[in-house]
Amino acid sequence: MGLCTASVTAAEKVNYQNFELDLLLHNIEKPCAPIVTDDYIIFTADIHNRFVGIAFDFENYKVIHPFQIMNATDDEGKTSRKYMFYCYNRQHKISELRYRLVFDGLWAADPLNPNKEYDENVNLYFSKVEDPGSIRISTETTDDDSVHFIYRGKSGQKVRLSGTFTNWDPWIYTLNETSPGFYELKLPLTTGTYYYNYLIGMTAILDETNPNKAYTADGRSANVIKVN
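Thresholds, definitions, all that
- Residues numbered from 1 in each chain as written.
- Predicted model: local features only at pLDDT ≥ 70, side-chain atom pairs only at ≥ 80, totals over all residues.
- Heavy atoms only, no water.
- Helix = DSSP H or I, 4+ residues; strand = E, 2+ residues; numbered from the N terminus.
- Buried < 20%, exposed > 50% of the residue type's maximum accessible area, 1.4 Å probe, protein only.
- Contact = heavy atoms within 4.5 Å.
- Areas by Shrake-Rupley, 256 points an atom, 1.4 Å probe, with all protein chains shown as cover.
- Pairing = 2+ DSSP bridges.
- Patch = residues over 30% accessible without salt bridge, like charges linked within 9 Å, V, L, I, M, F, W, Y side chains within 5 Å.
- Salt bridge = Lys/Arg side-chain N within 4 Å of Asp/Glu carboxyl O.
- Phe/Tyr/Trp six-rings, centres within 6.5 Å; stacked < 30°, edge-to-face > 60°.
- Lys NZ or Arg CZ within 6 Å of the ring centre and 35° of its normal.

A.B. asks: Would you explain the overall build of the chain in this entry?
C.D. replies: When you go through the chain residue by residue, the secondary structure sums to one helix and 21 strands. In the chain, which comprises 228 residues, the proportion classed as buried is 43%. Put simply, of all contacts in the chain between residues at least 6 apart along the chain, 60% involve residues at least 24 apart. A total of about 12900 Å² of accessible surface is found on the chain, and carbon and sulfur atoms cover 50% of it.

And the structure:
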């Protein structure tokens, strides 16, 4: 009997109607190492566990996100439990993500992920997801002393750029939407340290691809980038 359809349980609180994610979930045949895409990281676990949760380093492991159950229905209409999963909806590109799992109350590294890191300060192993291809998806300086500005958000927005290089004038530069929800602008800048914000309407937005943030002399929260 072949498995023909699959669906999440009624207890699943998150709406996974997005076609791309739905297709990804349906194509997973059994628990496996984390699956990384541009928009999602899918973690899976064996169905024999009663409860599986996941905690991330960026939340200081204080929040345990519960896994959900993926069911499969065969040709005769019989339903069976296929695997457990948690889907992390990526807010922006990352180069590394550390996490731990909770199996029926016991903390552990992910047994399906061979990428582990030992922290001698706490005498524990942590699992890691690395996405080397995402390193380029960040605001950064380029070889010709330009800055490649990146913004990731909803499609169809008008994203403008202001900073100390424009005397905070918000009307000079607008990022181009090069793919749905992905905005770019390459701007030549001379050597120096610059502060900047993105703007949607008149609302200032921090660049989440750039971890360097600071308060300016006039009290605004902004990103910082250095051109050598």
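Resuming the write-up.
A.B. asks: Looking at this structure, I do not really get the sheet that holds strand 17 (residues 182–188). What am I missing?
C.D. replies: Pairing is antiparallel across the open sheet formed by four strands, whose spatial order is 12-13-17-16. What marks the edges here is a single partner per strand, and that holds for strand 12 (140–141) and strand 16 (176–179). Where strand 16 meets strand 17, three bridges bridge the pair, whose relative direction is antiparallel. Residue pairing in the sheet places Asn-176 in a bridge with Glu-184 of strand 17.

A.B. asks: For this particular structure, what's the right way to read a nonpolar patch on the surface?
C.D. replies: Nonpolar side chains collect at one region of the surface, where Phe-51, Ile-64 and Trp-107 lie side by side and expose about 270 Å² of accessible area between them. Residue Ile-64 is classed as partly exposed on the basis of its relative accessible area of 39%.

A.B. asks: Looking at this structure, how should I read the pattern of salt bridges?
C.D. replies: Throughout the structure, instances matching the rule amount to three salt bridges. For Arg-98, the salt bridge goes to Glu-117, with nearest N and O atoms at 2.4 Å. Here Arg-98 is found in strand 8 (residues 96–103), whereas its partner Glu-117 is found in strand 10 (residues 116–119), with 19 residues between them in sequence. Looking at Glu-117, the relative accessible area reads 27%, which means it is partly exposed. Taken together, the shared-partner salt bridges in this structure form one network comprising Arg-98, Glu-117 and Lys-128.

A.B. asks: Looking at this structure, how should I read the pairing of strand 6 (residues 68–74)?
C.D. replies: Each regular strand shows side chains that alternate between the opposite faces of the sheet. Burial within strand 6 is extensive, with seven of its seven residues counted as buried. Burial of the side chains of strand 6 extends over both faces: Gln-68, Met-70, Ala-72 and Asp-74 are buried on one face and Ile-69, Asn-71 and Thr-73 on the other. Sheet analysis places strand 6 next to strand 7 (residues 79–89), joined by six bridges and oriented antiparallel. By the bridge assignment for strand 7, Met-70 is matched with Tyr-83.

A.B. asks: Which parts of the structure should I look at to understand the pairing of strand 8?
C.D. replies: Among the eight residues that make up strand 8, seven are buried, leaving the element largely enclosed by the rest of the structure. In this sheet, strand 8 lies alongside strand 4 (residues 52–56) in antiparallel orientation, the contact comprising five bridges. Among the inter-strand pairings, Ala-55 is bridged to a residue of strand 8, identified as Arg-100. Alignment of strand 8 against strand 11 (residues 124–130), held across four bridges, turns out to be antiparallel. Counted as the bridge partner of Arg-98 is Lys-128 from strand 11. Relative to strand 9 (residues 106–108), strand 8 is paired through three bridges, and the arrangement is antiparallel. Residue pairing for strand 9: Val-102 is matched across the bridge by Trp-107. In this structure, the hairpin formed by strand 8 and strand 9 is closed by a connection of two residues, where Asp-104 is found at a positive phi of approximately 50°.

A.B. asks: What's the story with the packing of aromatic side chains in this structure? I'm lost.
C.D. replies: Any two aromatic rings considered together are summarised by their centre-to-centre distance and by the angle between their planes. With the rule as written, the count across this model stands at 14 aromatic pairs. Judged by centre distance (5.0 Å) and plane angle (55°), the rings of Tyr-118 and Tyr-125 are tilted. The class for Tyr-125 is partly exposed, based on a relative accessible area of 47%. Through a chain of ring-to-ring contacts, the aromatic side chains of Phe-149, Tyr-151, Phe-165, Tyr-183, Tyr-194, Tyr-196 and Tyr-198 assemble into a single cluster. Positioned over the ring face of Phe-126 is Arg-98, at 4.6 Å from the centre of the ring. Of note, Arg-220 hangs over the ring of Trp-168, and the distance from its end group to the ring centre comes to 4.0 Å.

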